[in-house]
Amino acid sequence: MLFAHDTLAALRAAVDLVNSGEEPDTLTTLAELDAWYAEQGYTGRHDGDEAELAELRALRPVLRELLTTDRDRAAELVNAMLAEADALPQLVRHDELDWHIHAAPADAPLGRRIVVESAMAMVDVIRADELSRLSVCADDHCDGLVLDLSRNRSRRFCSTTCANRNAVAAYRARRRLTPRGGG
Ligand SMILES: [Zn+2]
Ligand SMILES: [Zn+2]
């Protein structure tokens, strides 16, 4: 296993949050905020109000930088984020989840917990020198982030939509290059 399960969950949540900002933006209403929270398997404080929505939307460029910058800059950002949030790593066991790390209290605002969890996840990624697992979608018109956990590091697109669009384009390009009839 490349990373612990809580690290993976935090990375997925951070990538999903950043990618929600790709057109069409899928984090614009309180219903979408609720859906995002539920989908990520989050527990703890969830105000579900406009302030929380605005906070999460504002986090997207911050997390994008954290997840795509170089290793040394990422380390600086992680340290600053953890210090600013007064992070205190604690092993916890709750609901059906076995021991994992919480570095911010469950009643801290969701935005602050996302920052802390993303930073804690990057602690693992930076130490393992696995930043190449994070990249920007290979689609020319998409800035979505890609989290590649595959063994052979083959994942290049942020979504099946982008992967399919490019597969179709590549197929058409090949057809155009193939001489027709009796060649
Ligand atoms: Zn937990
Ligand atoms: Zn994409």
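Novice: Explain the packing of aromatic side chains to me, please; I cannot follow it from the model alone.
Specialist: The geometry of two aromatic rings is summed up by the distance between their centres and the angle between their planes. Tallied over the full model, the rule gives two aromatic pairs. With a centroid separation of 6.0 Å and an interplanar angle of 25°, the aromatic rings of Tyr-37 and Tyr-42 are classed as stacked. Judged by relative accessible area, which is 13%, Tyr-42 ranks as buried. Feature note: the residues Trp-36, Tyr-37 and Tyr-42 constitute an aromatic cluster, connected by ring pairs.

Novice: Looking at this structure, how should I read unusual backbone geometry?
Specialist: For residues other than glycine, phi is negative in most cases, and the peptide bonds are mostly trans. Along the chain, Glu-23 connects to Pro-24 via a cis peptide bond; the corresponding omega equals -10°. Even without glycine at this site, Asp-86 takes up a positive phi of about 55°. Relative to the helices and strands, Asp-86 resides in the loop between α4 (71-84) and β1 (90-94). Its relative accessible area of 64% is what places Asp-86 among the exposed residues. Despite not being glycine, Arg-153 has its phi angle at roughly 50°, a positive value.

Novice: Would you take a moment to explain the coordination of the zinc ion (ligand 2) for this structure?
Specialist: Tetrahedral coordination by four donors places them ideally at 109.5 degrees to one another around the metal; octahedral coordination by six donors ideally gives 90 or 180 degrees. At the metal site, the zinc ion (ligand 2) is ligated by Cys-137 (SG), Cys-142 (SG), Cys-158 (SG) and Cys-162 (SG), and these contacts range over 2.3 to 2.4 Å. Coordination at the zinc ion (ligand 2) is tetrahedral, judged from the four donor atoms that bind it and the angles of 101 to 116° they form at the metal. Mapping the donors of the zinc ion (ligand 2) onto the primary sequence gives the spacing C-x4-C-x15-C-x3-C. Residue Cys-142 is located in the loop between β3 (134-136) and β4 (145-147), and its partner Cys-162 is located in helix α6 (residues 160-177); the two are separated by 20 residues in the primary sequence.

Novice: Is there a simple way to think about the coordination of the zinc ion (ligand 1) in this case?
Specialist: Note on the zinc ion (ligand 1): its protein donors are His-94 (NE2), His-100 (NE2) and His-102 (NE2). The metal-donor distances range over 2.0 to 2.1 Å. Between the donor residues of the zinc ion (ligand 1), the gaps in sequence give the motif H-x5-H-x1-H. Each member of the pair, His-100 together with His-102, is buried.

Thresholds applied
Residue positions are given per chain, counted from 1 along the sequence in the order it is written. Chains carry letters from A onward and ligands carry numbers from 1 onward, assigned in written order. The predicted nature of this model means local features are confined to residues of pLDDT at least 70 and side-chain atom pairs, given and counted, to a pLDDT of 80 or more, with totals for whole chains, interfaces and linings taken over all residues. Calculated side-chain values reflect all of the structure's heavy atoms, with hydrogen atoms and water omitted. Ring pairs are drawn from Phe, Tyr and Trp, using the six-membered ring of Trp, whenever the two centres fall within 6.5 Å, and their geometry is named by plane angle: stacked under 30 degrees, edge-to-face over 60, tilted for the rest. Each residue is assigned to one of three classes by its accessible area relative to the maximum for its type, calculated with a 1.4 Å probe on protein chains only: buried under 20%, partly exposed between the two thresholds, exposed over 50%. In DSSP terms, a helix is any run of H or I states spanning at least four residues, a strand is any run of E spanning at least two, and both are numbered starting from the N terminus. Donors, by definition, are the N, O and S atoms found within 2.8 Å of a metal, the threshold being 3.2 Å for Na, K and Ca, and water is not counted, so a site can look incomplete. Just to be clear on the cut-offs, tetrahedral is four donors with all angles between 85 and 135 degrees, square planar is four donors and octahedral six with opposite donors over 155 degrees apart and all others between 65 and 115, and anything else goes down as irregular.

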